[in-house]
Amino acid sequence: KQEVTQIPAALSVPEGENLVLNCSFTDSAIYNLQWFRQDPGKGLTSLLLIQSSQREQTSGRLNASLDKSSGRSTLYIAASQPGDSATYLCAVEGGSYIPTFGRGTSLIVHP
Amino acid sequence: DGGITQSPKYLFRKEGQNVTLSCEQNLNHDAMYWYRQDPGQGLRLIYYSQIVNDFQKGDIAEGYSVSREKKESFPLTVTSAQKNPTAFYLCASSPAVTQETQYFGPGTRLLVL
């Protein structure tokens, strides 16, 4: 059964820092990996979707990479801002087509 | 304005009571999902539906029931058999159950009185 682990569980940084959030998964036979953002008490918003044939995706200050063979993905946030404070979840989709979610990384960016 | 709506935002359940959470989407998506989220936990799948009049159990279906009579609607009933229902419930939809981005509603927080 697919297991998804996110490290660190929590992160607090000053504004302006570049950040790396990590996601690892146990079964490399995946179709895609997706990063989501969740604000407190809210639903999830999709940030980036990487298909299994791709190595990375970029959107503004966000860059996500995928190394399927090693079962790892990273989400890079450049020049962090207080508005980036949220929980970031990764989800992998495999043979069942139903995504498996990690527990998330809770990020606080303080001014 | 297209999207997914969930109601109510907060719901209180008394012991032995069944309660129903609403999920509606106007995105014309075939697939819909229900997840449960507990503090510090990832999302766990309760039920999903690939098409109208069809649904499948997820990892934690016990104590829950669903229906999919209309494409736009996928209500979740939390029955009295669910002994620990306090959680945040999230509904999602996608064009199909194959390699598609999921779109999430704002969630319903269920509390037990």
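Read on for an overview of the structure.

Cut-off values and rules
- Residues numbered from 1 in each chain as written.
- Chains lettered and ligands numbered in written order.
- Predicted model: local features only at pLDDT ≥ 70, side-chain atom pairs only at ≥ 80, totals over all residues.
- Heavy atoms only, no water.
- Contact = heavy atoms within 4.5 Å.
- Buried area = accessible area lost by both parts, 1.4 Å probe.
- Salt bridge = Lys/Arg side-chain N within 4 Å of Asp/Glu carboxyl O.
- Polar contact = N/O pair within 3.5 Å; in protein donor to acceptor, adjacent residues only side chain to side chain.
- Helix = DSSP H or I, 4+ residues; strand = E, 2+ residues; numbered from the N terminus.
- Buried < 20%, exposed > 50% of the residue type's maximum accessible area, 1.4 Å probe, protein only.
- Phe/Tyr/Trp six-rings, centres within 6.5 Å; stacked < 30°, edge-to-face > 60°.
- Core = buried A, V, L, I, M, F, W, Y, C linked by side-chain atoms within 4.5 Å.
- Pairing = 2+ DSSP bridges.
- Axes fitted to C-alpha atoms, helices over the stretch in contact; angles between N-to-C directions.
- Disulfide = S-S within 2.5 Å.

1. Structural notes on the interface of chain A and chain B
Then, in step 1: Listed by partner, the interface residues are 21 residues for chain A and 22 residues for chain B.
Then, in step 2: Summed over both partners, the interface of chain A with chain B buries about 1,600 Å², with 56% contributed by carbon and sulfur atoms.
Then, in step 3: Taken as a group, A:Ile98, A:Phe101 and A:Arg103 account for 30% of the area that chain A buries against chain B, more than any other trio of residues on that side.
Then, in step 4: For the interface between chain A and chain B, the tally reads zero salt bridges.
Then, in step 5: On inspection of chain A and its partner chain B, the count reaches one residue pair in polar contact (both at pLDDT 80 or more).

2. Examining the environment of A:Thr5
Residue and element names in this part refer to chain A.
Then, in step 1: Among the secondary structure elements, threonine 5 is positioned in strand β1 (residues 4–7).
Then, in step 2: Spatially, the C-alpha atom of threonine 5 lies 8.2 Å from that of asparagine 22, the residues being 17 residues apart in sequence.
Then, in step 3: Each residue touching threonine 5, except ones within four places of it in the same chain, is listed here: Asn22, Cys23 and Ser24.

3. Overview of the side chain of B:Gln37
Then, in step 1: In this structure, B:Gln37 sits in strand β4 (residues 31–37).
Then, in step 2: Classification of B:Gln37 as buried rests on a relative accessible area of 12%.
Then, in step 3: For B:Gln37, the side chain forms a polar contact with the side chain of A:Gln38, separated by 2.9 Å.
Then, in step 4: Here B:Gln37 is in contact with A:Gln38, A:Leu89, B:Gly42, B:Leu43, B:Ala87, B:Phe88 and B:Leu90, once residues within four sequence places are set aside.

4. Here we look at the packing of aromatic side chains
Think of a pair of aromatic rings as described by two things: how far the centres are apart, and how the planes are tilted against each other in angle.
All names here are of chain B.
Then, in step 1: Summed over all chains, the structure comprises nine aromatic pairs over all chains.
Then, in step 2: Pairing tyrosine 33 with tyrosine 48 gives two aromatic rings, centres 6.5 Å apart and planes at 20 degrees, and the pair type is stacked. Taken as a pair, tyrosine 33 in strand β4 and tyrosine 48 in strand β5 (residues 43–51) lie far apart in primary sequence, 15 residues in all.
Then, in step 3: The exposure class of tyrosine 33 is buried, given its relative accessible area of 1%.
Then, in step 4: Arranged with centres 5.8 Å apart and planes meeting at 35 degrees, the rings of tyrosine 35 and phenylalanine 104 form a pair that is tilted.

5. Side note on the nonpolar core
Then, in step 1: Core analysis: the biggest nonpolar cluster contains 22 residues, and A:Phe25, A:Leu33, A:Trp35, A:Leu75, A:Ile77, A:Tyr88 and A:Leu107 have the highest contact counts within it.
Then, in step 2: Breaking this core down by element, the ones donating at least two residues are β3 (19–25), β4 (32–38), β5 (44–51), β7 (62–67), β8 (72–77), β9 (86–93) and β11 (105–110) of chain A.
Then, in step 3: Sequence-distant contacts of A:Leu33, defined by excluding residues within four places in its chain, comprise A:Cys23, A:Phe25, A:Leu48, A:Leu49, A:Ile50, A:Leu66, A:Ser73, A:Ala91 and A:Val92.
Then, in step 4: Counting 20 residues, the second largest nonpolar core, distinct from the first, contains B:Leu21, B:Tyr47, B:Val66 and B:Val78.

6. Focus: the sheet that holds β3(A)
All names here are of chain A.
Then, in step 1: The strand order across the open sheet built from five strands is β1-β3-β8-β7-β6, with neighbouring strands paired in antiparallel fashion. Lying at the two open borders of the sheet, with one neighbouring strand each, are β1 and β6 (56–59). Along the sheet, successive strands turn relative to each other by an average axial angle of 15 degrees, direction set aside.
Then, in step 2: Pairing analysis gives four bridges linking β1 to β3, with the strands arranged antiparallel. If you follow glutamine 6 over to β3, its bridge partner there is cysteine 23.

7. What to know about the state of the cysteines
Then, in step 1: The tally for this structure, following the rule as stated, stands at two disulfides over all chains.
Then, in step 2: Covalent S-S linkage joins A:Cys23 and A:Cys90, the inter-sulfur distance amounting to 1.9 Å. With the S-S bond torsion at 65 degrees, the cross-link from A:Cys23 to A:Cys90 turns out right-handed. Note that A:Cys23 is positioned in strand β3 and A:Cys90 in strand β9, a separation of 67 residues in sequence. Residue A:Cys23 shares its accessibility class with A:Cys90, and that shared class is buried.
Then, in step 3: A sulfur-sulfur distance of 1.9 Å marks the disulfide that ties B:Cys23 to B:Cys91. Taking the sign of the S-S torsion, -75 degrees for the link of B:Cys23 and B:Cys91, the bridge is left-handed. With B:Cys23 in strand β3 (residues 19–25) and B:Cys91 in strand β9 (residues 87–94), the pair connects residues that are 68 residues apart, well separated along the chain. There is no split in this pair, since B:Cys23 and B:Cys91 are both buried.

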